[in-house]
Amino acid sequence: MMERSGMDAALLGLFLAHLATALEVPLDLPQPPTITHQSPKDYIIDPRENIVIHCEAKGRPHPSFSWTRNGTHFDIDEDPNVSMKPNSGTLVVDISRAKAEHYEFVYQCTARNKHGTAVSNNIVVRQSRSPLWSKEKADQIVISEGRSLVLRCRPPAGLPPPIIFWMDNYFQRLPQSARVSQSLNGDLYFSNVLQEDSRNDYICYARFPYTQTIQQKQPIIVKVLDLDAINDTMAAFYNDTDLFSDEPADERKPSFLIPSGPSSSMTVLRGQVLEMECIADGLPTPEISWAKVSGDLPTKRTSFLHYEKTLRIADVSESDAGEYRCTARNPLGSVHHTIRVTVKAAPYWISGAPRNLVLAPGESSVLTCRASGTPKPSVSWAMNGIPIENSPKDLSRTVEDDTIIFTDVQAGSSAVYQCNVSNDYGYLLSNAFVNVLSEPPRVLTPNNKVYQVIRNRQASMDCASFGSPLPKITWFKDSRSSTLDGDPYVLHDNGTLEIRAAQAHNSGKYTCVARNSLGILENHVYLEVKEPTRILKQPEYKVVKLGRSAVFECKVKHDPSLVPTMTWLKDDGELPDDERLIVDSDTLTINDVGESDAGVYTCIMNTTLDHDSASAELTVVERPDPPTDLELTDLKKRSVQLTWIPGDEHNSPIHKFLIQYEDSLHHRGHWHNLTEVPGSRTTAHLKLSPYIHYTFRVLALNAVDFSRPSFPSRTVETEPAAPDKNPTGVQGFGTEHDNLVISWKPLSGLHHNGPGLHYKVMWRQEVVDSDWTTVTVANNSKFVVSGTPTFVPYELKVQAVNDLGAGPEPAVAHGYSGEDLPVAAPGNVQAVLLNSTLAELHWDPVPAKLIRGHLKGYKVYYWKEHSLHKHNPHLVKSQILTFSGDHTHRRLPGLHPFSLYLFNVRVYNGKGEGPPSPNQQIVTPEGVPGAPSSLLVTNPNLDSLTLEWSPPHERNGHITGYTLRYQSVNNSNELGPVEELALPANETSLTLLNLKYSTRYRFYLNAITVRGAGPAISQEAVTVMDEAVASRQVDIATQGWFIGLMCAIALLILILLIICFIQRNKGGKYPVKEKEDAHTDPEFQPMKDDDCTFGEYSDNEDHKPLKGSRTPSNGTVKRDDSDDSLVDYGEGGDGQFNEDGSFIGQYSGKSASRGTAEGHESSEAPSPINTMNSLNSFV
């Protein structure tokens, strides 16, 4: 027994190994048939088309096909209407000569070759049917309001069942609600009827999906009556009417119309859809709710239809069995119904259908057909279509219930095994072959295949192989140093090598090796890891005004070896074909934006391997549409209610509404702002004034702008009345010393309240108990009272009056008659010195009656009479310092020290200034002096220099001396110790001795009075460098003279090099004198030809040539021969040149007249000789 268990475990391991591989046998190898395509078990056909019953199979050799019909052999050749497709088992029935119903049978296809036989499912062929509705008389239904009603549909039984819906004569679906709904069987239920349910076109339609035909039932007429109508029409309808009730229904608690009774039961198959419904009668209309008694409803698979009346559970499983309760509830009570659900199951695979086995001779394995169902299904086996108990015996095969065990299989034992699992609710039929082969490994994945993957994503490289025995797969990378097994590699049973998160270093060449006992084979693939595509800058949310442009940016980074494609979508669809939309490499521009352009825009960057996307919303805004439907209600004498309907906001919320009015009585065509209300309100309570013909309009404001005005409202006319208010801003003032001007702000037209508006102006002196003086003023806002005393206080009143009466009692205002100039000056004026630049002035105030107006303040006139120093000039320039308000002392700043000032004080009012006070003196004491006016450095020597200066312009006293401070400053601006000298007042120059040579000094000089030292003036200077010491200086490169000298030398060398370059490019060397009769030693040349090195200077001072120039043997060059050509020194134009372009005519032995050459002016460019001569003075 233990041996048997061990064998089973071993066989199970072999089975799992073969199961995991699920090998696909190449078609060039022998294999039994496999059904690849067949018609469904329940095959409903369209009777108008040919019948096609599919049966396709593969195998080697290619299988042959045969059919059974109703369990017996079907000889196709005997039926002229039936044919079989070539190389196929598919049957085609030509129904042009036969009726489809003659071929409604159960068909089964058989595919066989020499290695086995496969069979198809039993295919039940039935034609679809759409029978006509049976004729029936449609009686009119009369029912009292509030009763329940059921309109029966009873559609004809079709194959498949029809789809039911209710419509009217105009093919419009009838409205349904919680009160009116369609049941699962197609009937129309009314929980309670209303008078609005009366109609004569309740039509039930049935649509048959296969034939695409629609049939309708006769229209049903429903008339709903109330109690009075019932009494009036009872007799008329009694004989030919189905009267459901003779009186209106009262309110009642719910009761179920469907299902009936307190409980019911139903059975549903696993995997199907469970639909339960509860429809209740009641008034008011009941509400339906659902619950599972024995547990919770499966949330993800549950939905509620038909206004909660239908509970739908998709993909039913055994866990959905149990009791469900539906509850109908209204204010009068509730009722329950329990539905007991039983779940059955047709057979279904537990771990999949049996799989084909490919075994090598001598191998063992198992074939399992494991299924479940409710009730438990039975399992039967067949081999090559014959029940296995009737098949030839095979010692290597053992059948144990749902498993066949193969042990030590032999060549030639290939076959197709059929597993049939069935119960009361269905069956499963599966073919699985056992193919016994001896085959060396072969790799089915193409060689040198290139896999591309994005970095950090999963990479899978296939090594699909076949062989018998099953090949073992190993992988290597590049140098084959070791097999690829373990992190980061995962080797799957089918040979696929997986890298969970591929990186750049994983790129390269991979080799998979397949081996079994019959051979070995390898295959190469390549992996390329690419950089991911990423959107670096995403498009951003935009709010754009209508008519403007919108630009979305979408900047992307991608692997350079991948070709990207940018696609833009709008609302997940294609962009509209509109020239306003411009797509560039990384932008989308929408010009002249319209409302239809609003939406979500998505940029998608696609490559062959990946993509990235980003979205942004475009909101198009514009000013709102004008409000509509202005309505005036609740009209009273002084108020009215205005309501309106807002216009379209255009994606920008309305902030507020502006209400304007037009007074067609006084200012027709002119609109005035009346009030504003928040954007959330659509009504306003408006206050009205008398004697106005109001017309209103409303404007809406959002973030863009105001809308256009609404259409005007109707006109509201108010009755006239006496004024409600008096003018504001009443004031009195004088423009002359003997008048009083009374002014006010006139009432606006809104406050006239009636015709004939004028003003009653009243005044009297405030200090005298006198009567009011009154005048009437119309069409003006001021009145002038003449002959008043100067600057006297008055009481004032202005009252509004119209033809219907006077306004309220006006308030008293105060004013003054006209002002005049003050007649007195401040007395007892004094000055107190606080320091040399500041004095405090004191005076007695001027009496109010002498000011003769409103006191504005005091003015101080002051001027500098002269300085107390003899060197300062006499200058008189008056200045004014104004002090607003009532003061008796003030400070006078900004005085000059050591000076004499005069000043006086004056009072001023609104009219002007009064007389000045007597002049007073201010003598300022000495102060610190200003800086010396100049400081110069002269006669700099090696260790001394002279300073010269001028006294300060602003001495501010007697100069008592000077202070000189100085210190050295090095090249890094660091300061040395300070030396200080005190100098007498009469000196203006000083020679400093014993200074350091070539040193920079900084000098500070300030003047002194008895009050102290003033600000300093500064200057810098450098002592002269000793020539004997200069040669020993180390830091010569920082001296300016040295830098200048080096620049001059560099410039001279550059000029000489340019001249040398020019003469060499002209092809000749410097001109020479004609050879003398006695030849000069050719080695005696002032400059060499080839390297332009310098020779000796000429001894001739008058015609001294430039260094390095060639000179005639007599040492002279004519300065006025500026047009000489190098050719002149040869014979005519026959001068010759060396290979390098140098002139050799002077050595040719030929001569020419020098005088001729010198006697003609040449048009050639100036000779380099003369150019150099012109530089002699520079050198």
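It should be noted that the structure appears before, not after, this text.
### Quick word on the sheet that holds strand β73 (residues 827–835)
Then, in step 1: Taken in spatial order, the three strands of this open sheet run β73-β74-β77, and their pairing is antiparallel. If you trace the sheet from one side to the other, it starts and ends with β73 and β77 (889–892), each paired once. Each neighbouring strand pair of the sheet contributes to a mean axis angle of 20 degrees, computed without reference to strand direction.
Then, in step 2: Relative to β77, strand β74 (residues 838–844) runs antiparallel, the two sharing four bridges.

### Let's talk about a nonpolar patch on the surface
Then, in step 1: Together, Trp-1041, Leu-1045, Met-1046, Ile-1049, Ile-1053 and Leu-1057 make up an exposed nonpolar region whose accessible area comes to about 590 Å².
Then, in step 2: For Leu-1057, a relative accessible area of 54% translates into the label exposed.

### Looking at the state of the cysteines
What makes a disulfide is a covalent bond joining the sulfur atoms belonging to two cysteines.
Then, in step 1: Considering all chains together, one arrives at six disulfides under this definition.
Then, in step 2: Here Cys-153 is linked by a disulfide to Cys-204, with a sulfur-sulfur distance of 1.9 Å. Linking Cys-153 and Cys-204, the disulfide has an S-S dihedral of approximately -70 degrees and is accordingly described as left-handed. Here the residue Cys-153 occupies a position in the loop between β13 (149–151) and β14 (163–167), and Cys-204 occupies one in strand β17 (residues 199–208), the gap between them amounting to 51 residues.
Then, in step 3: Classification of Cys-153 as buried rests on a relative accessible area of 0%.
Then, in step 4: Judged by relative accessible area, which is 1%, Cys-204 ranks as buried.
Then, in step 5: Covalent S-S linkage joins Cys-463 and Cys-512, the inter-sulfur distance amounting to 2.1 Å.

### Here we look at the pattern of salt bridges
Then, in step 1: Applying the stated criterion across every chain yields a total of 37 salt bridges.
Then, in step 2: Glu-275 serves as the salt-bridge partner of Arg-312, at 3.5 Å between the closest nitrogen and oxygen. Linking Arg-312 in strand β27 (residues 310–313) with Glu-275 in strand β23 (residues 274–277), this pair joins segments that are 37 residues apart in sequence.
Then, in step 3: The residue Asp-320 makes a salt bridge to Arg-301 at a minimum N-O spacing of 2.9 Å. With Asp-320 in the loop between β27 and β28 (322–330) and Arg-301 in the loop between β25 (287–292) and β26 (302–305), the pair connects residues that are 19 residues apart, well separated along the chain.

### Overview of the sheet that holds strand β50 (residues 550–553)
Then, in step 1: Here we have three strands laid out as an open sheet, ordered β50-β55-β54, and antiparallel in their pairing. A strand with exactly one partner marks an edge of an open sheet, and here the two such strands are β50 and β54 (581–583). Shown here is a sheet whose adjacent strand axes are inclined to one another by a mean of 15 degrees, direction ignored.

### With respect to the pairing of strand β66 (residues 739–745)
Then, in step 1: The buried count for β66 comes to six of seven residues, which makes it a mostly enclosed element.
Then, in step 2: Inspection of the sheet shows strand β65 (residues 728–733) paired to β66 by four bridges, in the antiparallel sense. Of the residues in β66, the one forming a bridge with Thr-728 is Lys-745.
Then, in step 3: Taken together, β65 and the strand that follows it, β66, pair antiparallel across an intervening segment of five residues.
Then, in step 4: Bridge analysis of β66 against strand β69 (residues 782–786) gives five bridges, and the strand direction is antiparallel. Among the inter-strand pairings, Ile-742 is bridged to a residue of β69, identified as Phe-783.

Cut-offs applied
Residues numbered from 1 in each chain as written. Predicted model: local features only at pLDDT ≥ 70, side-chain atom pairs only at ≥ 80, totals over all residues. Heavy atoms only, no water. Pairing = 2+ DSSP bridges. Helix = DSSP H or I, 4+ residues; strand = E, 2+ residues; numbered from the N terminus. Axes fitted to C-alpha atoms, helices over the stretch in contact; angles between N-to-C directions. Patch = residues over 30% accessible without salt bridge, like charges linked within 9 Å, V, L, I, M, F, W, Y side chains within 5 Å. Areas by Shrake-Rupley, 256 points an atom, 1.4 Å probe, with all protein chains shown as cover. Salt bridge = Lys/Arg side-chain N within 4 Å of Asp/Glu carboxyl O. Buried < 20%, exposed > 50% of the residue type's maximum accessible area, 1.4 Å probe, protein only. Disulfide = S-S within 2.5 Å.

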